[in-house]
Each structure stands twice: as structure tokens, then as C-alpha cells.
Amino acid sequence: MDPASQDINLNSPNKGLVVDNADTLSDVPVEGAVGNAANPLPPGLTEEEAEELRVELTKVEEEINTLRQVLSAKERHATELKRKLGLSPLTELRQNLTKSWQDVQTSNAYLSASATLDDITHSEVYKKTQETLLQAGQKTSAALTTVGTTLSKKLGDMRALPFSNSFSSNYSIRHSISMPAMR
């Protein structure tokens, strides 16, 4: 029987579950361990009180183990339900991000910062700075256009010159140096 489909009564945590006691201390003998040299009793604690505490500890550990099993069964059941509904981890992440962004947009800090930015963008100083930067950008663009035009013209002029004329004197000097005159 699938543990995820079992009816688990939390008042009777072992109902419908296979309890594995390998992880609990119930199998460890406590007889003879009370007050021995390896495990002395804390001051002010009698052997009977220590025994009661150990029994209670064993019960609590068994309950913890049972609750882990119940939680695991519930998680498997929830995963199966999500799969049947077509909810993928990516869909859940998208929904969580959307909700978080909506929470941020309605937060006091966001609203306050947004109002402050609105105040700044409508201030005279902002408008003057924006106008100055706009003019500087236009002048810079015009200057770069002029430089580009000038460079293009100079490169065009250089292309118009014959290639052989620009290097002919250098070539003849190099040629005469490297090639001895044959007579």
C-alpha cells in the first residue's frame, strides 16, 4: 500500500505506517549504563529520574521519526497532486516571482522611493540638467560627424593617389641597396 494514499491519524502516529526503529535508541540497552564510569549521572539526578528521562527521550525520538515519515508521505502526496494539476517547479517559481514583485511594488519603501523619484524628475534642477546633457550630446554628435567626414575625405584623397608613385622612390633605393650592380 502506498504511504501517500494512507489515512494517517496523527493521534495514532503509527497507524498505517511501517515504523523502522533502526534509527531510534530503543534498541540500545540502558540497563547497567546508568551511573557507570563511562556515563556518570549529572549531579542532583537519581537513577530513577535518569531512567524516566531516557524512556521519555526514546518516546520523543520515536515520535520525531514518525513525524518525519508522515511529513515525507505528505510531501510525496503534494508532489503527486501538483503533477496531476500540471504545476511544474518552473511554474511555481514564476508564480513566486510574480507575487514577490507585486509585494515589492506595494511595499512602503518602494512607494516612498517611487514618489521621491517622481519629485526629482519634476524638479527644475533635473530639467536643467537634462537639457544641458541633451545639448552636450547633440554638440558631441555633430563634432564626431565632422571628424568622421573629414577622415573619410582624407582617406578618399589618399586612395586617389596612384599606389606606385607613393612608394616608387623607396622601392628604387631599397632595390639598389639590396641588388649589387652587375657590370
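Residues numbered from 1 in each chain as written. Predicted model: local features only at pLDDT ≥ 70, side-chain atom pairs only at ≥ 80, totals over all residues. Heavy atoms only, no water.

A separate point is the overall build of the protein. Along the protein, the regular secondary structure elements total five helices and zero strands. Reading the helices (α) and strands (β) of the protein from amino to carboxyl end gives α-α-α-α-α. By the burial criterion, 7% of the 183 residues in the protein qualify as buried. A sequence separation of at least 24 residues applies to 49% of the contacts in the protein between residues at least 6 apart. For the protein, the accessible surface area stands at approximately 15600 Å², while carbon and sulfur atoms represent 60% of it. (Helix = DSSP H or I, 4+ residues; strand = E, 2+ residues; numbered from the N terminus. Buried < 20%, exposed > 50% of the residue type's maximum accessible area, 1.4 Å probe, protein only. Contact = heavy atoms within 4.5 Å. Areas by Shrake-Rupley, 256 points an atom, 1.4 Å probe, with all protein chains shown as cover.)

Our focus in this paragraph is the environment of Leu-45. Its place among the elements puts Leu-45 in the segment before α1 (47–85). In contact with Leu-45, not counting residues within four places along its chain, are Ala-50 and Leu-53.

What follows concerns a negative patch on the surface. Side chains of Glu-47, Glu-48, Glu-49, Glu-52 and Glu-56 sit close together on the surface and give a patch of like negative charge. By the element assignment, Glu-49 lies in helix α1. With a relative accessible area of 36%, Glu-49 lands in the partly exposed category. (Patch = residues over 30% accessible without salt bridge, like charges linked within 9 Å, V, L, I, M, F, W, Y side chains within 5 Å. Salt bridge = Lys/Arg side-chain N within 4 Å of Asp/Glu carboxyl O. Lys, Arg positive; Asp, Glu negative; His and termini not counted. Charge placed at Lys NZ, Arg CZ, Asp CG, Glu CD.)

Attention now goes to helix α4 (residues 124–160). For α4, built from 37 residues, the straight-helix expectation of 54 Å at 1.5 Å per residue is met to within 8% by its first-to-last C-alpha distance of 54 Å. The opening residue of α4, the one whose side-chain oxygen lies 3.3 Å from the backbone nitrogen of Tyr-126, is Ser-123. (Expected span 1.5 Å × (residues − 1). Polar contact = N/O pair within 3.5 Å; in protein donor to acceptor, adjacent residues only side chain to side chain.)

Here we take up the packing of aromatic side chains. A complete count under the given rule lists one aromatic pair for this structure. Between Trp-101 and Tyr-110, the aromatic rings sit 6.0 Å apart at their centres with planes inclined by 75°, giving edge-to-face as the arrangement. The class for Tyr-110 is partly exposed, based on a relative accessible area of 33%. (Phe/Tyr/Trp six-rings, centres within 6.5 Å; stacked < 30°, edge-to-face > 60°.)

This paragraph deals with a nonpolar patch on the surface. On the surface, Trp-101, Val-104, Tyr-110 and Leu-111 cluster together to form a nonpolar patch covering roughly 380 Å² of accessible area. Only α2 (89–105) and α3 (108–121) provide two or more residues apiece to the nonpolar patch. Of note, Leu-111 is situated in helix α3. For Leu-111, a relative accessible area of 46% corresponds to the partly exposed category.

With that settled, consider the confidence of the model for the protein. When pLDDT is averaged across the protein, the result is 78; 68% of the residues are at 70 or more. Helix α5 (residues 163–178) is the least confidently modelled element of the protein, averaging 54 in pLDDT, while α1 averages 94, the highest of any element. Confidence over residues 15–19 falls short of pLDDT 50; this stretch has eleven contacts with residues more than four positions distant or in other chains. (pLDDT = per-residue confidence, 0-100.)

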